[in-house]
Amino acid sequence: MKKIFLNFALVFLIVSNAQTYKKPLVSPITEKDLKTDMYQMAADQFWGREAGTLDELKVSMWFADKMKATGMKPAGDNGTFFQFFDMYRHQISPQSSVKIGGKNIQLWKDILVQDVTDNQFTAPILYLGKVEPQELASKNISGKVVAIRVSDLNIAKEMTLFERRYPGFIRTKYYKEIEKLGAKGIIFITDAISDKSWVEVVPQMTRGIYGVEGVREKVEVGIPVFWIKQDNENWVKNNPEISLNIQTETYKYPSVNIIGKIEGTDPKLKNEYVLLSGHQDHDGIRHPVNNDTIYNGADDNASTCVALLAIARSYHQQPAKRSILFVIHGAEERGLLGSRWHASHPLVPKENIVAVLNGDMIGRNDNNEAALLGGEAPHKNSEELVKMAFDANNESTQFKFLKAWDLPEHPEYFYFRSDHVPYVRVGIPALFFTSVLHSQYHTPQDESENINFKKLYKMTEWIYRTSWKVANENERPKLIQNFKLER
Ligand SMILES: [Zn+2]
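Conventions we followed
Residues numbered from 1 in each chain as written. Predicted model: local features only at pLDDT ≥ 70, side-chain atom pairs only at ≥ 80, totals over all residues. Heavy atoms only, no water. Helix = DSSP H or I, 4+ residues; strand = E, 2+ residues; numbered from the N terminus. Contact = heavy atoms within 4.5 Å. Donors = N, O, S within 2.8 Å, 3.2 Å for Na, K, Ca; no water. Buried < 20%, exposed > 50% of the residue type's maximum accessible area, 1.4 Å probe, protein only. Pairing = 2+ DSSP bridges. 1 Å grid on protein atoms, 1.4 Å probe; cavity = no way out; pocket = protein on both sides within 12 Å on 5 of 7 lines; lining within 4 Å. Points joined across faces, edges and corners; volume = space filled by probe spheres on them. Nonpolar A, V, L, I, M, F, W, Y, C, P; charged D, E, K, R; others polar. Phe/Tyr/Trp six-rings, centres within 6.5 Å; stacked < 30°, edge-to-face > 60°. Lys NZ or Arg CZ within 6 Å of the ring centre and 35° of its normal. Domains from an automatic or database assignment. Buried area = accessible area lost by both parts, 1.4 Å probe. Salt bridge = Lys/Arg side-chain N within 4 Å of Asp/Glu carboxyl O. Polar contact = N/O pair within 3.5 Å; in protein donor to acceptor, adjacent residues only side chain to side chain. Axes fitted to C-alpha atoms, helices over the stretch in contact; angles between N-to-C directions. Parallel < 35°, antiparallel > 145°, perpendicular 65-115°, else oblique. Left-handed = near helix turned anticlockwise from the far one by under 90°.

The next point concerns the environment of isoleucine 148. As for its placement among the helices and strands, isoleucine 148 is situated in strand 7 (residues 145-149). With 19 residues separating them along the chain, isoleucine 148 and glycine 129 place their C-alpha atoms 5.0 Å apart. Other than its neighbours up to four places away in sequence, isoleucine 148 contacts Leu128, Gly129, Val131, Tyr174, Ile178, Ile187, Phe188 and Ile189.

Distances from the zinc ion to its protein donors, His279 (NE2), Asp300 (OD), Asp360 (OD) and Asp360 (OD), fall at 2.0 to 2.5 Å. In primary sequence terms, the donor set of the zinc ion follows H-x20-D-x59-D. Placement of the pair is aspartate 300 in helix 6 (residues 298-317) and aspartate 360 in the loop between strand 17 (353-359) and strand 18 (369-373), with a sequence separation of 60 residues. The pair formed by aspartate 300 and aspartate 360 is uniform in burial state, with each residue classed as buried.

Judged by which residues are buried, strand 10 (residues 225-228) turns out to be covered on both faces: Val225 and Trp227 on one side and Phe226 and Ile228 on the other are all buried. Where strand 5 (residues 112-113) and strand 10 come together, 2 bridges link them in antiparallel fashion. Residue pairing across strands places leucine 112 opposite tryptophan 227, the latter belonging to strand 10.

Turning next to empty space enclosed by the protein. Counted according to the given criterion, the structure contains 4 cavities of 30 Å³ or more. Put simply, the largest cavity is a space of about 60 Å³. Together, Ala371, Leu372, Gly375, Glu376, Phe390, Phe401, Leu402, Lys403 and Asp406 line the largest cavity. Its residues assigned to classes, the lining of the largest cavity shows 5 nonpolar, 1 polar and 3 charged.

Attention now goes to unusual backbone geometry. Put simply, aspartate 300 and asparagine 301 share a cis peptide bond, and its omega is 5°. Mapped onto the elements of the fold, asparagine 301 is located in helix 6. In this model, alanine 377 is joined to proline 378 through a cis peptide bond whose omega is 5°. By secondary structure assignment, the location of proline 378 is in the loop between strand 18 and helix 8 (383-397). One non-glycine residue with positive phi stands out, namely arginine 216, at about 50°. Judged by relative accessible area, which is 28%, arginine 216 ranks as partly exposed. With phi around 55°, glutamine 398 is a residue other than glycine that occupies positive phi space. Position of glutamine 398 among the secondary structure elements: in the loop between helix 8 and strand 19 (400-401).

Now for the pairing of strand 3 (residues 97-100). Every second residue of strand 3 is oriented toward a common face, the buried set being Val98 and Ile100 and the non-buried set Ser97 and Lys99. Direction of pairing for strand 3 relative to strand 11 (residues 241-246): antiparallel, over a ladder of 4 bridges. Paired with valine 98 across the strands is leucine 244, a residue of strand 11. As consecutive antiparallel partners, strand 3 and strand 4 (residues 103-105) are separated by 2 residues, and within that stretch glycine 101 has a phi angle of approximately 55°, a positive value.

A full pass over the atoms with the stated rule returns 18 aromatic pairs. With 6.0 Å between their ring centres and 90° between their planes, tyrosine 251 and tyrosine 253 make a pair best called edge-to-face. Exposure remark for tyrosine 251: the relative accessible area of 33% places this residue in the partly exposed category. Measuring from centroid to centroid gives 4.8 Å for phenylalanine 433 and tryptophan 462, while their planes differ by 80°, and the two rings are edge-to-face. With phenylalanine 433 in strand 20 (residues 430-434) and tryptophan 462 in helix 10 (residues 453-472), this residue pair connects regions lying 29 residues apart in the sequence. When sorted by exposure, phenylalanine 433 lands in the same class as tryptophan 462, which is buried. Aromatic rings pair up to connect Phe390, Phe399, Phe401, Phe433 and Trp462 into one cluster. One cation-aromatic arrangement involves lysine 184 over phenylalanine 121; the distance from NZ or CZ to the ring centre is 4.4 Å. Positioned over the ring face of phenylalanine 399 is lysine 458, at 4.5 Å from the centre of the ring.

According to the domain assignment, the protein chain consists of domain 1 (20-87 + 253-472) and domain 2 (94-246). Here the C-alpha centroids of domain 1 and domain 2 sit 37 Å apart. Each partner contributes residues to the interface: domain 1 has 20 residues there, and domain 2 has 17 residues. Carbon and sulfur atoms supply 57% of the area that domain 1 and domain 2 bury against each other, a total of about 1,600 Å² over both sides. Where domain 1 meets domain 2, there are 2 salt bridges. Close ionic contact of glutamate 50 with arginine 207 constitutes a salt bridge, the shortest N to O distance being 2.7 Å. Taken together, the connections running from domain 1 to domain 2 amount to 5 residue pairs in polar contact (both at pLDDT 80 or more). Elements with a contribution of two residues or more to the side of domain 1 that touches domain 2: strand 2 (82-92), strand 14 (284-289) and helix 7 (337-344). Looking at the side of domain 1 that touches domain 2, its residues break down into 8 nonpolar, 4 polar and 8 charged.

What follows concerns helix 7. It helps to recall that an α-helix has 3.6 residues per turn; residues three or four apart then point in one direction. Of all 8 residues that make up helix 7, 6 are buried, and the element is covered over most of its length. Every buried residue of helix 7 is accounted for by Leu337, Gly338, Ser339, Trp341, His342 and Ala343.

Let us look at the packing of helix 3 (residues 54-70) against helix 6. In contact at an axis separation of 8 Å, helix 3 and helix 6 are set at 25° when each is read in the N-to-C sense. When the axes of helix 3 and helix 6 are compared, the pair comes out roughly parallel. Between helix 3 and helix 6 lies a crossing of right-handed hand. Between helix 3 and helix 6, the residues in contact are Phe63, Lys66, Met67 and Thr70 and Cys305, Leu309, Ala312, Arg313 and His316, respectively.

As structure tokens, then:
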């Protein structure tokens, strides 16, 4: 009885859901091509593809040639594959200096400057030792630079790159309260954890911060935040004077989005676009880990770039009704700058972009698990789009979903950390496909050798099958009414 019922159900399903479009064509997507492209793109020849350097431009030129070879047509500015944009870079100027008790302190060696902000003044230091933020109100800190001994903060230890992020957590813990109470600055004295993180945060702090039109265009105004080592704690004991001249410099640096398309076949729907995206940049050359200094960014995010090349080969052989727009963003690692730029300066009408399927880090971890961010409330911004991704997964890849990564209380805030976000903010249905973090994330060991190519193939197939539905269904996915992100 049960079996008969099932068969009826199946027949009914096939009849009522009769496809009005062709089946997806998966065969042009091959593990072999993914591997070949990956070993080229994540090779040392591109020196870690850092945004705002010749290495990012070099890989972008190389990638445009790869796009062309798949059969894509250019869809950037003026008939090219490129959309150049300016990043703003703000740095501490080398003319800056700090004196404590009349003694010159060497910048980046003996003292770190955490924020890029201009400050010139002389003020007394108030040594507070170990102190909690709620105790500060009684300490009369106004007009002084407070010296605080950091002690092992227990929050967020489960986060990846905990050590590298630790000085940021400490700053967040104290900054607002200290600024509110009228202090002129902060000197943090390291603990065991920040002693270890020192070498990792120096490259971040000396690089400075980046912005793009509308975001961090100017140096922020704020009180200075310094770090000294606990070995040098004596410098700030007995309340000496600090004299500082911290100056900043702002430059414009070029970055670039690489954009290609494969036109749709339907005379009307071909004016609508399914946007598939990834980012080409990574972290360049930084402090050594296991004797390697090149941060190749194989999983992050050559994985999605090569997946999109594979998907393009399929669309070239069998185009869909709608057009496919392939956007490889620049400067993602510097704050989603390429996607912010493109979301506000798209080269096709914004209302013609029916959905964004973004991938970031899709080539690691268990073959049978993956995450779909934007798959659950409050991040889900289109019921229909999420259903298409679920259906595509049921058809073939059968991933078990790592749903915790999409929860607002997840400690990594992972949903907010890739290029789909600027599109979501301008009201386009969007999803983020990922195989999530791993222990080699943002280290020189994120290399081609460590990619799980079976997994990368499956993720590519899943994104492709999802995009095939979006590109062929009669109705485009709708936005959820009153959708609002929690941050
Ligand atoms: Zn990434």
